[in-house]
Amino acid sequence: MSQLAAFIEEKRQTKPILSMTHVVYGYPSVEESLDWMARLMKEGVDFIEVQFPFSDPVADGPSIVAACHKALEQKLDVETCLSQLGKLANDYPNSRIVLMSYLNPMYRFGMDKLAKRAAEENIVGLILPDLPMEQATAYKDACKANNIDPVWLVTPVTPPDRLAMLASNASGFLYCVARSGVTGHSSHEGKVKQTSLDDYLAQIKQHASAPLGVGFGLRERAQIEQLIGKADIAILGSALLDAYNKGGQEEGIKLIKDLFH
Amino acid sequence: MQSENGFYGQYGGSYIPEILYSSQQQILHAFEEAKNDPEFLAELNKQWQQFSGRPTPLTFCANLTEHFGGAQIYLKREDLNHSGAHKMNNVIGQGLLVKRMGKKRVIAETGAGQHGIATALVAARLGLECTIYMGAKDIERQYPNVFWMKQLGATVVPVTTGAQTLRDALDEALRDWSSSHEESHYLIGTSCGCAPFPEMVAYFQSVIGNEVREQSVAQFGQFPDRLYACVGGGSNACGLFLPFLDDKEVEMVGVEAGGKGLELGEHSIRLSHNLGQPGIAQGFATMFLQDEAGQLQETHSIAAGLDYVGVSPIIAHLTEIGRIQMTYAMDDDVVAACTLLLKKEGIIPALESSHALAGAFKDAPNLPKDTKIVINLSGRGDKDIFNVAKAVQDETFPQFLTDYLAAYPTTQDHKGETA
């Protein structure tokens, strides 16, 4: 079992659902984002998902897009980010760090180097939403060699055979996108009817031995409750960023306490 | 040009969020079926002819030829398409494909607004709902096009993120598609994006080169010696070049936007002089203008339709293997080329197409007199009236605008504008 999956299993002994909270690295400044990550870990979130900003984040909605663009007003560097995250991982050993970004900045940094350096800094998983598994042979090998997990995404419209393929290949955890569209509130929210979340997660469970994380559009306690017993991790992204933008760290912590009490 | 699993050498591919996988596959299969269906092709040809006015002429430019004293200069008149640009070839093709797939709505990104108008035209004709994403800065630069899109019934959404230009509009169109994929088709305007878009757009645009093959033989008894096309996203270049790919004696020159200079941010040169670097973004791998950290950068051109940060993976590949030669034209040379065509031949070229003119005009005097060159005049220049007036420092234009505004009714109608 991968170290990420093992961590989830262990934590799940005492918690009905784990929390993964998203932070944009460098927003509004590098220092403030690191401070916010440290605070979240201190407050006991199980995971932080750190997004290394990219100029063209096509899977993200307005809140995260704006934060990424703001963060990119300063020069950001992958290597610096990794070593800063490594320090956090050391300081807060009860939480784990997953790095999310888009392909291009990571591709420029070097995929082998990324997997190696991430592992050295105790980052346990990588999420690249624009890298499909079919194009990811080298990336998968690099992750495997360094004992970290590439996290794959499935969605409510992923065809059954592909869902089976992705789910059975998942290690660490499988990121189950809860609905169509981009992250957070946006003008593009899906209007189409989709299968109920329960049916969707049950279908994934048939194929996946890895734990399940659910994200996209979570912002209420009832949604988290609905996931208990069906998923292992609830991923909080834009809602947390919106709270942070509204009232800083305190407002963010309040949201987390409301959702995960 | 057939791809290998969506790839052209190391470029192309499909790098999209998982949510779009099914829709991408649907387009892949629908296109594969359609291009082998005689009924679809017959309808496509009929619409090209009856709606867009194809075939477009190949026009010999006697005055320009004499002026330069070198190569014989011909123009492929894509400016004579309905909507005034080659964009129509593609939107008709994809529009028919949308009907075939049974979708009711199209989304498109636009830079100069040419693709936006073309999409809005075809959507109106085919009874499709239409949403156009356009950078807020491009809307400022190209308002007349926005005006027509709205009159045609399209919803024009200003994109205010990032640099507020074509790249941001493309991101936003992809985001819309991520939520609306079941009922909407993303009608990409150029031969970029995830597979099969580069191949599909190039296929629909290849009508340009296919006509030139027949027209050149009919008019001067041989294929052209050299072809010139401007390269923004690369669709008009693909359209002219690809049908000649196997005719090794036909040389091909692509002209990028040199803008104001070669500093990052001042130009849109991705394929020569080591200014672009390989990258993967916006759904595909190609040469992008980016910094060393892999962040895509801002671009510039006097022609809004050329300032895209990436380029067709087909053109990137053909450049890499040496089949296409790439050069660039600076803003000033472009305006000079535009002016020369106006004066010598009585044709008003788009500033985008004027890049191809500028590239060809540089070579023409040095080429033997029996050399036949064909320049793709991809669009007409009426839309550039404000920018050209400014560039040639027309003295009367500001007064005209002042007078016009003074007489303009003050209660403006904002219907159809959305945010």
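Residues numbered from 1 in each chain as written. Chains lettered and ligands numbered in written order. Predicted model: local features only at pLDDT ≥ 70, side-chain atom pairs only at ≥ 80, totals over all residues. Heavy atoms only, no water.

Which parts of the structure should I look at to understand the UniProt feature "modified residue: N6-(pyridoxal phosphate)lysine" (unreviewed entry) in chain B?
All names here are of chain B. The positions that UniProt labels "modified residue: N6-(pyridoxal phosphate)lysine" (unreviewed entry) are, in the present scheme, Lys-87. Residue Lys-87 is classed as buried on the basis of its relative accessible area, which comes to 16%. Leave out the neighbours within four places in its chain, and Lys-87 touches Gln-114, His-115, Ala-118, Gly-189, Thr-190, Gln-205 and Ser-235. (UniProt positions renumbered as here; feature names shortened; annotations may be inferred. Buried < 20%, exposed > 50% of the residue type's maximum accessible area, 1.4 Å probe, protein only. Contact = heavy atoms within 4.5 Å.)

I'm lost on a nonpolar patch on the surface in this one. Help?
All names here are of chain B. A surface patch of nonpolar side chains, about 700 Å² in accessible area, is lined by Ile-385, Phe-386, Phe-400, Leu-401, Tyr-404, Leu-405 and Tyr-408. Contributions of two or more residues to the nonpolar patch are made by α15 (385-391) and α16 (397-406). Mapping Leu-405 onto the fold places it in helix α16. According to the relative accessible area criterion, Leu-405 is exposed, its value standing at 62%. (Patch = residues over 30% accessible without salt bridge, like charges linked within 9 Å, V, L, I, M, F, W, Y side chains within 5 Å. Areas by Shrake-Rupley, 256 points an atom, 1.4 Å probe, with all protein chains shown as cover. Salt bridge = Lys/Arg side-chain N within 4 Å of Asp/Glu carboxyl O. Helix = DSSP H or I, 4+ residues; strand = E, 2+ residues; numbered from the N terminus.)

Sorry if this is basic, but what is going on with the UniProt feature "active site" (unreviewed entry) in chain A here?
As annotated in UniProt, the feature "active site" (unreviewed entry) corresponds to A:Glu49 and A:Asp60 in the numbering used here. Set against the second largest cavity, the annotated residues that line it come down to A:Glu49 and A:Asp60. For A:Glu49, the position within the fold is in strand β2 (residues 47-51). Excluding its chain neighbours within four sequence positions, the residues that come into contact with A:Glu49 are A:Met20, A:Thr21, A:His22, A:Val23, A:Val98, A:Met100, A:Ile127, A:Tyr175 and A:Ile235. Its location among the elements puts A:Asp60 in the loop between β2 and α3 (62-71). If we ignore the near neighbours within four places in the chain, the residues touching A:Asp60 are A:Gln51, A:Val65, A:Met100, A:Tyr102, A:Val182, A:Thr183 and B:Arg175. (1 Å grid on protein atoms, 1.4 Å probe; cavity = no way out; pocket = protein on both sides within 12 Å on 5 of 7 lines; lining within 4 Å.)

How do you make sense of the pattern of salt bridges when you look at a structure like this?
When charged atoms on two side chains of opposite charge get close, those side chains can pair. Residue and element names in this part refer to chain A. Throughout the structure, instances matching the rule amount to 39 salt bridges over all chains. For Glu-43, the salt bridge goes to Lys-257, with nearest N and O atoms at 3.2 Å. Of this pair, Glu-43 sits in the loop between α2 (30-42) and β2 while Lys-257 sits in helix α11 (residues 238-260), and the two are 214 residues apart along the sequence. With relative accessibility at 35%, the residue Glu-43 sits in the partly exposed group.

I'm lost on the packing of aromatic side chains in this one. Help?
Any two aromatic rings considered together are summarised by their centre-to-centre distance and by the angle between their planes. Tallying each qualifying case throughout the model produces 24 aromatic pairs over all chains. Both rings, one in B:Tyr203 and one in B:Phe204, keep their centres 5.6 Å apart while their planes meet at 70°; by these two values the pair is edge-to-face. Overall, B:Tyr203 belongs to the partly exposed group, its relative accessible area being 30%. A connected cluster of aromatic rings, assembled from ring pairs, spans B:Phe386, B:Phe397, B:Phe400, B:Tyr404 and B:Tyr408. Residue placement shows A:Arg162 over the ring face of B:Tyr21; its charged tip is 3.7 Å from the ring centre. The side chain of B:Arg213 reaches across the aromatic face of B:Phe244, ending 5.4 Å from its centre. (Phe/Tyr/Trp six-rings, centres within 6.5 Å; stacked < 30°, edge-to-face > 60°. Lys NZ or Arg CZ within 6 Å of the ring centre and 35° of its normal.)

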